[in-house]
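So you can see what is in the structure, the chains are spelled out below.
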Amino acid sequence: MKTKIVKLEQLEHNENELKEAGQILRDGGLVAFPTETVYGLGADGLNSEASAKIYSAKGRPSDNPLILHIADIKTVDVLAKDVSKEARKVMEVFWPGPLTVILNKKEVVPYGTTGGLDTVAIRMPSHPVARELIKVAGVAVAAPSANTSGRPSPTTAQHVLQDMDGRIDMIVDGGKVGIGIESTIVDMTGEIPMILRPGYITKPMLEQVIGKEVRIDPAILSKEGMDGIRPKAPGMKYKHYAPKGELTIVSSHNMDNMVQTINKLAKEKLDAGYVVGIIATEETKDQYPNGVVKEIGSRKDQVSISAGLYSVLRDFDDAGVEFIYSEGFEQDDFGQAIMNRLLKAAGYEMIRV
Ligand code: AMP
Ligand code: MG
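What counts, and where the lines are drawn
Residues numbered from 1 in each chain as written. Chains lettered and ligands numbered in written order. Predicted model: local features only at pLDDT ≥ 70, side-chain atom pairs only at ≥ 80, totals over all residues. Heavy atoms only, no water. Helix = DSSP H or I, 4+ residues; strand = E, 2+ residues; numbered from the N terminus. Buried < 20%, exposed > 50% of the residue type's maximum accessible area, 1.4 Å probe, protein only. Pairing = 2+ DSSP bridges. Near = heavy atom within 4 Å. Polar contact = N/O pair within 3.5 Å; in protein donor to acceptor, adjacent residues only side chain to side chain. Areas by Shrake-Rupley, 256 points an atom, 1.4 Å probe, with all protein chains shown as cover. Nonpolar A, V, L, I, M, F, W, Y, C, P; charged D, E, K, R; others polar. Phe/Tyr/Trp six-rings, centres within 6.5 Å; stacked < 30°, edge-to-face > 60°. Lys NZ or Arg CZ within 6 Å of the ring centre and 35° of its normal.

Caption draft 1: Structural detail: the environment of valine 312. With respect to the helices and strands, the residue valine 312 is situated in helix 10 (residues 302-318). With a relative accessible area of 5%, valine 312 lands in the buried category. Between the C-alpha atom of valine 312 and that of glycine 277, which follows or precedes it by 35 residues, the distance is 9.7 Å.

Caption draft 2: Focus on the pairing of strand 3 (residues 39-44). The buried fraction of strand 3 amounts to 6 of the 6 residues, a majority that puts the element mostly inside the structure. Looking at chain direction, strand 2 (residues 31-34) and strand 3 are connected through 4 bridges and run antiparallel. Counted as the bridge partner of alanine 32 is leucine 41 from strand 3. As consecutive antiparallel partners, strand 2 and strand 3 are separated by 4 residues.

Caption draft 3: View of the site of ligand 1. Residues in close proximity to ligand 1 total 20 residues, the closest being Asn64, Thr119, Pro144, Arg197 and Gly235. Between an oxygen atom of ligand 1 and a side-chain N or O atom of asparagine 64, the distance comes to 3.1 Å. Take arginine 197: an N or O atom from its side chain is 2.8 Å from an oxygen atom of ligand 1. In isolation ligand 1 has 500 Å² of accessible area, and contact with the protein removes 96% of it. Where the shell around ligand 1 is concerned, the elements lending two or more residues are strand 7 (119-123) and strand 11 (194-197). Looking at the shell around ligand 1, its residues break down into 13 nonpolar, 4 polar and 3 charged.

Caption draft 4: Molecular detail of the packing of aromatic side chains. Going through the model one piece at a time under the given rule, you end up with 2 aromatic pairs. Aromatic pair tyrosine 200 and phenylalanine 334: ring centres 5.3 Å apart, planes at 80°, arrangement edge-to-face. Taken together, the residues span a long stretch of sequence, with tyrosine 200 in the loop between strand 11 and helix 8 (203-210) and phenylalanine 334 in helix 11 (residues 333-345) at a distance of 134 residues. Note on tyrosine 274 and phenylalanine 323: the rings are 4.9 Å apart at their centroids and 70° apart in plane angle, and the pair reads as edge-to-face. Highlighted residues: tyrosine 274 in the loop between helix 9 (255-271) and strand 14 (276-280) and phenylalanine 323 in strand 16 (residues 323-327), separated in sequence by 49 residues. Residue tyrosine 274 is classed as partly exposed on the basis of its relative accessible area, which comes to 35%. On the basis of relative accessible area, phenylalanine 323 is assigned to the buried category, the value being 13%. Directly above the aromatic system of tyrosine 111 lies the positively charged group of lysine 105, at a separation of 4.3 Å from the ring centroid.

Laid out in structure tokens, this is it:
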């Protein structure tokens with residue numbers, strides 16, 4: 001299959017390209033497109049055959065369900081039942097945006113899309129290209145991240161091409177995405193709302209809107225498997241986002257200690273003849289004399305860090321880096337989402353100094 005790439009400079013000038021992408025989706029094909037979180041790999045989510053293609057293009061385990069992307073909040077009632085007042089409130093406040101809501105599914109949603117579950121994950125993205133595409137397609141678009149399973153999620157069309165060239169019909173290039181890590185997932189089917197995956201929309205933000213306690217699935221804060229707790233989002237149990245090099249996080253409240261420790265560890269590996277990468281920040285990048293040093297963002301702007309994370313991991317893969325040392329970040333509200341991705345990439349290897 002030849003993968004067509006269309007660059008969208010200005011939405012209003014690209015009506016024909018969007019129509020073509022919408023037609024591919026209606027016909028059961030695959031189109032990758034930008035959202036505000038990461039690039040998604042879209043298919044008609046109510047067509048089992050179409051969503052099956054997503055699994056084979058990504059090499060994704062079939063028990064890992066897909067998120068349905070919609071452009072109009074009214075579509076929720078086509079896809080889901082027993083929607084509580086609280087769930088509606090959360091959707092009204094945070095949509096369009098980086099929040100996925102788990103609800104009980106209606107019969108129209110095939111088990112092939114939900115990985116056999118009776119619940120369905122739904123999100124309304126805010127990225128203008130994603131919104132237009134879903135509208136033009138006129139279908140609920142199942143769209144996981146557009147990477148090969150196990151690789152870092154794509155934040156540019158170039159990343160999508162690396163993984164999906166020849167496997168999908170079209171890539172809509174809308175430039176670099178904003179947030180850079182996947183949406184928050186909140187399960188609204190139980191008495192107590194539960195966060196199954198941390199993201200840009202945080203626990204305090206949800207609690208403020210819902211007016212009561214929101215829990216975080218304990219399995220996502222611990223090393224999966226180790227504690228024997230099974231995460232409630234099936235996808236969270238897989239080792240995601242893994243770079244080829246062995247990644248270790250060095251965390252400290254004292255920046256100087258952190259930098260010194262990374263320099264020491266990097267030097268040991270360099271002296272032994274390995275290719276070493278360092279994940280630094282704007283504030284510290286000049287303090288690392290050795291190795292391939294990449295700045296992921298500024299400590300003063302958390303979104304710059306989330307937006308840079310996956311791209312740096314891919315760069316290190318391309319550079320053949322064998323050992324990676326990353327600075328650690330504060331695990332406050334959104335910081336928890338960033339550290340969740342970094343810890344998973346590191347297989348939970350973290351040194352505290
Ligand atoms: P991705 O689309 O690659 O961001 O992955 C989707 C995530 O949503 C995975 O971690 C899935 O396990 C999770 N997910 C999708 N549907 C459900 C559901 N019905 N219940 C729980 N988790 C879900
Ligand atoms: Mg993914």
